Amino acid sequence: AMAAERGLAMATCTAPVNIAVIKYWGKRDTDLILPINSSLSVTLHQDQLKTTTTAAASRDFTEDRLWLNGKEADVGHPRVQACLREVRRLARKRRGGGEDTAALSLSYKIHIASENNFPTAAGLASSAAGYACLVSALARLYGLEEELSEVARRGSGSACRSMFGGFVEWQRGERPDGTDSLALQVAPETHWPELRVLILVVSGEKKPVGSTAGMQTSVETSPLLKHRAEVVVPERLAQMMQHIRDRDFEGFGQLAMRDSNQFHATCLDTFPPIFYLTDVSRHIIALAHRYNAHHGHTKVAYTFDAGPNAVIFALADTVAEFVEVVRRSFPPATNGDGFIRGLPVGSAALSQELVAAVVSMGLPRVPDLCPAPQPGPGPQLVDDPSQHLLGADGLP
């Protein structure tokens, strides 16, 4: 999108949320954002959950500026600056140091506008999608093609995993400079067509303890976290990759739940302890176990990040029944079906045995069920100029 005569260039991308099934918690280098253990995630489809970012450069801009969800934000944020610096450095390197007249001047200031279609900082991996999207849009603006997960990592650790679709590993790496701490696709989004994802939004509020601060307190005070990173995760990572390769839901689901539980155990083992799960979160956990016990095998699996919202994995043939179980257990508000927004589920009839064994009535209401139907692709370029978040004047 070069408009050379106006000296304005613009690029827009979208990027996905990812949900870790083997959790990242703890940095060994807080500046470069290098993790104490590898992690593994599922990239969610962008129909329901995505960040859209437009990056524009012009000789007329007097300063770098940033807008998040329509409000101007601090473009000087160290992590935003780290991404800007790295992308510009790569662009300079690619041009062999010489200023290519056809290419965008690296001295031009940049305007960036970014929008999420889901709550920011509510335990829905907003920073991952946000930084993956920022880096993708900047890379497109500067004509970079190379592997950029290492740059996205400098914005938010988990953002490196949102640079790919499907099933993604963030390799811990060994080098102190972080050049081997990057994301790799384990399997594409087409690999497991029956896999489905439901997000139970327990709270859209900001977290009491942000991940950045929380994980460093854990690194400093939790002996369980050290054991997890050194002993538990390497073995689990290999097992999880095998379950994904085999499309083995029983193994995948059990391990996802165990790893989520251990992550939250390390939060409790942190001093002072960190509580991300709420009573509603715990009711959902109990409900999932009752449901699986009733069926005699693992049909649904929960995982929770640094917040109270539940992400539920299931195979396609289970979704309608489990959604009905949730609906019966957590009566929706008077707004009728706003609860199951966006999910084309057939309503399921529940047997009396199932209701008696699994459904627990009168629990506190879960405000929202937000579906991300299945695994999806990595960042996408938006070709339609009408979708840009910045106008021809470079303003939102």
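Throughout what follows, the structure given in this document is the object of discussion. Bear in mind that the values here come from a model prediction, so they are computed numbers and not experimental data. (Residues numbered from 1 in each chain as written. Predicted model: local features only at pLDDT ≥ 70, side-chain atom pairs only at ≥ 80, totals over all residues. Heavy atoms only, no water.)

**Structural notes on the layout of surface pockets**
Here is step 1: The space that makes up the second largest pocket amounts to roughly 290 Å³.
Here is step 2: Lining the second largest pocket are 15 residues, with Ser136, Ala139, Leu144, Glu145 and Leu148 sitting closest to its centre.
Here is step 3: Mapped onto the lining of the second largest pocket, the elements with two or more residues apiece are helix H2 (126–141) and strand E17 (380–381).
Here is step 4: When residues of the lining of the second largest pocket are assigned to their parent elements, the largest contribution, three residues, is made by H2.
Here is step 5: Across the lining of the second largest pocket, the residue classes tally to eight nonpolar, three polar and four charged. (1 Å grid on protein atoms, 1.4 Å probe; cavity = no way out; pocket = protein on both sides within 12 Å on 5 of 7 lines; lining within 4 Å. Points joined across faces, edges and corners; volume = space filled by probe spheres on them. Helix = DSSP H or I, 4+ residues; strand = E, 2+ residues; numbered from the N terminus. Nonpolar A, V, L, I, M, F, W, Y, C, P; charged D, E, K, R; others polar.)

**Considering the packing of helix H5 (residues 223–246) against helix H6 (residues 249–269)**
Here is step 1: The interhelical angle for the contact between H5 and H6, taken along N-to-C directions, is 165 degrees, at an axis separation of 10 Å. In this view, H5 runs roughly antiparallel relative to H6, as classed from their interaxial angle. Seen from above, H5 lies across H6 with left-handed handedness. Every residue of H6 that contacts H5 at Pro223, Leu224, Leu225, Arg228, Val232, Arg236, Gln239, Met240, His243 and Ile244 is listed here: Gly251, Phe252, Leu255, Ala256, Arg258, Asp259, Gln262, Ala265, Thr266 and Asp269. (Axes fitted to C-alpha atoms, helices over the stretch in contact; angles between N-to-C directions. Parallel < 35°, antiparallel > 145°, perpendicular 65-115°, else oblique. Left-handed = near helix turned anticlockwise from the far one by under 90°. Contact = heavy atoms within 4.5 Å.)

**Side note on the sheet that holds strand E6 (residues 39–43)**
Here is step 1: The four strands lie next to each other as E3-E6-E11-E12, forming an open sheet whose pairing is antiparallel. Only two strands of the sheet have a single partner each, and these edge strands are strand E3 (18–22) and strand E12 (183–187). Averaged over all adjacent pairs, the angle separating strand axes in this sheet is 35 degrees, with direction ignored.
Here is step 2: The pairing of E3 with E6 spans four bridges and is antiparallel. Following the sheet pairing, Ile19 is matched in E6 by Val42.
Here is step 3: This element, H6, spans E3 and E6 of the sheet and lies at about 90 degrees to E3. (Pairing = 2+ DSSP bridges.)

**What to know about the packing of aromatic side chains**
Describing an aromatic ring pair means giving the distance of the ring centres and the angle of the ring planes.
Here is step 1: Following the criterion strictly, the structure yields ten aromatic pairs and no others.
Here is step 2: With centroids separated by 4.6 Å and ring planes inclined at 65 degrees, the aromatic side chains of Tyr24 and Trp170 adopt a geometry described as edge-to-face. With Tyr24 in the loop between E3 and strand E4 (27–29) and Trp170 in strand E11 (residues 167–170), this pair connects stretches of sequence that are 146 residues apart. Across the pair, exposure class does not vary: Tyr24 and Trp170 are buried alike.
Here is step 3: For the pair Tyr291 and Phe322, a centre-to-centre distance of 5.1 Å together with 65 degrees between the ring planes defines the contact as edge-to-face. Of this pair, Tyr291 sits in helix H7 (residues 279–295) while Phe322 sits in helix H8 (residues 319–329), placing them 31 residues apart in sequence. (Phe/Tyr/Trp six-rings, centres within 6.5 Å; stacked < 30°, edge-to-face > 60°. Buried < 20%, exposed > 50% of the residue type's maximum accessible area, 1.4 Å probe, protein only.)

**Observations regarding the environment of Thr62**
Here is step 1: Counting through the fold element by element, Thr62 comes out in the loop between strand E7 (50–58) and strand E8 (65–68).
Here is step 2: Residue classification places Thr62 among the exposed residues on the basis of a relative accessible area of 71%.
Here is step 3: Along the primary structure Thr62 and Lys109 are separated by 47 residues, whereas in three dimensions their C-alpha atoms are 6.4 Å apart.

**What to know about the packing of H7 against H8**
Here is step 1: Packing of H7 against H8 leaves a shortest axis separation of 12 Å and a crossing angle of 130 degrees. As summarised for this structure, H7 and H8 are arranged oblique, according to the angle between their axes. Where H7 crosses over H8, the handedness of that crossing is right-handed. For the pair H7 and H8, the contacting residues are Leu287, Tyr291 and His295 in the first and Glu321, Phe322, Val325, Val326 and Ser329 in the second.
Here is step 2: Looking at the contact of H7 with H8 residue by residue, the class counts come to five nonpolar, two polar and one charged.

**Let's talk about the pattern of salt bridges**
Here is step 1: Summed over the entire model, instances satisfying the criterion amount to twelve salt bridges.
Here is step 2: A salt bridge links Asp305 to Lys23; the nearest nitrogen and oxygen atoms lie 2.6 Å apart. On the criterion of sequence distance, the pair formed by Asp305 in the loop between strand E14 (300–304) and strand E15 (310–315) and Lys23 in the loop between E3 and E4 is long-range, its members being 282 residues apart.
Here is step 3: Relative accessible area serves as the criterion here: at 19%, Asp305 is assigned to the buried category.
Here is step 4: Among the ionic pairs, Asp64 bridges to Arg88, the shortest N-O distance being 3.5 Å. Placement of Asp64 in the loop between E7 and E8 and of Arg88 in helix H1 (residues 78–94) is noted, with a sequence separation of 24 residues between them.
Here is step 5: The exposure class of Asp64 is buried, given its relative accessible area of 16%.
Here is step 6: Ionic contacts of the salt-bridge type, sharing partners, join the residues Glu86, Arg89 and Arg154 into one network. (Salt bridge = Lys/Arg side-chain N within 4 Å of Asp/Glu carboxyl O.)

**Brief notes about the side chain of Lys299**
Here is step 1: You can see Lys299 is positioned in the loop between H7 and E14.
Here is step 2: It is Asp317 that comes nearest to the buried, bridge-free Lys299 among opposite-charge side chains, at 4.7 Å.
Here is step 3: Setting aside anything within four residues of it in sequence, one finds Lys299 in contact with Phe249, Tyr291, Asn292, Phe313, Ala314, Leu315, Thr318 and Glu321. (Lys, Arg positive; Asp, Glu negative; His and termini not counted.)

**Observations concerning the nonpolar core**
Here is step 1: Ranked by size, the top nonpolar core spans 56 residues in total, and within it Met240, Phe252, Ile284, Ile312, Phe313, Phe322 and Val325 carry the most contacts.
Here is step 2: The residue makeup of this core includes at least three contributed by each of domain 1 (8–190 + 380–387) and domain 2 (195–372).
Here is step 3: Excluding anything up to four places from it in sequence, Phe313 contacts Ile19, Val21, Val42, Leu195, Arg196, Val197, Phe249, Phe252, Lys299, Val300, Ala301 and Thr303.
Here is step 4: Formed by 34 residues, the second largest nonpolar core is a distinct cluster that contains Ala11, Ala15, Ala55 and Ala139. (Core = buried A, V, L, I, M, F, W, Y, C linked by side-chain atoms within 4.5 Å. Domains from an automatic or database assignment.)

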